[in-house]
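Structure assessment
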Amino acid sequence: MRGAAPRTEQKEAGTIVEGEIRARVEQVRARIAEAAQRAGRRPGGVELVAVSKAVSISRIREALDAGVAVLGENRVQEAREKVPVLNSPAVTWHLVGHLQTNKGKLAVELFDLIHSVDSLKLAHVLDRHGANLGKRVRVLIQVELGGETTKSGIREGHVIPLLHACRDLSHLAVEGLMIMPPFREHPEEVRPFFRQLRELRDRANDVCAEHHLVHLSMGMSHDFEVAIEEGATLVRIGTAIFGERPQD
Ligand SMILES: *Cc1c(COP(=O)(O)O)cnc(C)c1O
């Protein structure tokens with residue numbers, strides 16, 4: 001497998017010219033800094049997760065050369081092909097897509113942060129693999145706040161009970177919450193979702209002192225500035241860096 005080109009290489013549209021990715025990364029960074037400043041936050045408090053699903057190795061390398069340090073993938077299998085090829089201590093990998101329990105072991109091996117825990121069963125599976133591998137598994141809880149088109153995420157009312165139930169999972173570190181709100185024409189329309197997630201995180205920290213939820217994973221290409229104004233600590237950005245994905 002080592003050295004083999006991932007399948008994604010072939011299905012990529014050739015819309016971005018050489019050197020353009022660097023400019024796009026710099027633009028996104030500037031916009032992150034401006035949004036943080038508007039909200040009275042430190043730009044360093046917002047981490048850029050470059051979502052590289054369906055993006056070729058050569059384009060990902062361009063983003064890494066431009067200083068990207070965190071890559072987000074939404075499929076375990078795709079990451080499994082890419083991680084060995086791009087193997088570098090300077091890069092960390094985040095899983096941003098839905099995770100099936102039968103891929104849990106591989107996910108624990110490949111990823112530094114899993115954004116998409118959405119059941120107690122999955123939490124248990126990840127904790128067990130973490131124990132076997134001698135690794136503390138860092139995760140976020142994906143929350144569904146109503147109206148989302150995605151099928152993953154747990155309902156708001158189930159978040160605090162899930163956090164309580166995770167108390168005894170010694171190899172699981174729950175570090176925050178993630179949301180994927182519905183697409184809306186105007187980013188302002190999703191602000192209430194981001195705000196609700198922040199309030200939920202703060203409430204959870206009050207009542208579940210055993211966890212320290214620092215992260216809010218929210219905001220994508222279309223709406224990351226609004227998310228930062230509402231407290232995002234991780235923004236997941238694909239299109240604004242790599243261009244349109246062919247399958248979208
Ligand atoms: C694809 C994806 C993103 C990035 O979306 P863009 O609109 O391309 O920035 C972010 N989060 C998740 C979970 C995704 O699947």
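In case you missed it, the structure is sitting above this.
Quantities reported herein were computed from a predicted structural model and do not represent experimental measurements.

**Some words on the site of the ligand**
For the ligand, the full set of nearby residues is Val51, Lys53, Val96, Met180, Met220, Ser221, Arg236, Ile237, Gly238, Thr239 and Arg245. Between an oxygen atom of the ligand and a main-chain N or O atom of Gly238, the distance comes to 2.8 Å. Contact distances for the ligand include 2.8 Å between an oxygen atom and a side-chain N or O atom of Arg245. Here the residues of the shell around the ligand are counted per class, giving five nonpolar, three polar and three charged.

**Overview of the pairing of strand β1 (residues 47–51)**
For β1, the tally of buried residues reaches four of five residues, placing the bulk of the element in the interior. Relative to strand β9 (residues 234–237), β1 runs parallel, the two being bridged by four bridges. Within β9, the residue paired with Glu47 across the bridge is Leu234. For β1 and strand β2 (residues 70–73), the ladder comprises two bridges, and the chain directions are parallel. In the strand pairing of β2, Ala50 is matched with Leu71. For the crossover that starts at β1, traverses helix α2 (residues 57–65) and ends in the parallel β2, the hand is right-handed.

**Digging into helix α5 (residues 120–133)**
The end-to-end C-alpha separation of α5 is 20 Å, in line with the 20 Å expected for 14 residues at 1.5 Å each. Burial in α5 covers these residues: Leu122, Ala123, Val125, Leu126, Asp127, His129 and Gly130. Here the buried face of α5 lies against α4 (104–110), β4 (113–117), β5 (137–144) and β7 (172–179). Positive phi shows up at Gly134, right after α5, with a value of about 65°.

**Brief notes about the environment of Val25**
As for its position among the elements, Val25 is in helix α1 (residues 20–38). Linking Val25 and Gly67, residues 42 residues apart in sequence, is a C-alpha distance of 8.2 Å. Apart from the residues lying within four places of it in its own chain, the contact partners of Val25 are Ala63, Ala66, Val68 and Ile241.

**Quick notes on the pattern of salt bridges**
As enumerated under the stated definition, the model contains 17 salt bridges in all. Residue Glu188 is joined to Arg191 by a salt bridge in which the shortest nitrogen-to-oxygen separation is 2.7 Å. Owing to a relative accessible area of 14%, Arg191 belongs among the buried residues under this scheme. Across the pair Arg201 and Asp202 runs a salt bridge, and its minimum N-O distance is 3.0 Å. Since its relative accessible area comes to 12%, Arg201 is described here as buried. Ionic contacts of the salt-bridge type, sharing partners, join the residues Arg38, Glu188, Arg191, Arg195, Arg198, Glu229 and Glu230 into one network.

**With respect to the environment of Met220**
Secondary-structure assignment places Met220 in the loop between β8 (215–217) and α8 (224–229). According to the relative accessible area criterion, Met220 is partly exposed, its value standing at 30%. Put simply, Met220 and Ile237 are 17 residues apart on the chain and 4.9 Å apart in space, counted from C-alpha to C-alpha. With near-sequence residues (within four places) excluded, Met220 lies in contact with Met180, Arg236 and Ile237.

Cut-offs and rules
Residues numbered from 1 in each chain as written. Predicted model: local features only at pLDDT ≥ 70, side-chain atom pairs only at ≥ 80, totals over all residues. Heavy atoms only, no water. Near = heavy atom within 4 Å. Polar contact = N/O pair within 3.5 Å; in protein donor to acceptor, adjacent residues only side chain to side chain. Nonpolar A, V, L, I, M, F, W, Y, C, P; charged D, E, K, R; others polar. Buried < 20%, exposed > 50% of the residue type's maximum accessible area, 1.4 Å probe, protein only. Helix = DSSP H or I, 4+ residues; strand = E, 2+ residues; numbered from the N terminus. Pairing = 2+ DSSP bridges. Right-handed = clockwise from strand over helix to strand, strands pointing away. Expected span 1.5 Å × (residues − 1). Contact = heavy atoms within 4.5 Å. Salt bridge = Lys/Arg side-chain N within 4 Å of Asp/Glu carboxyl O.

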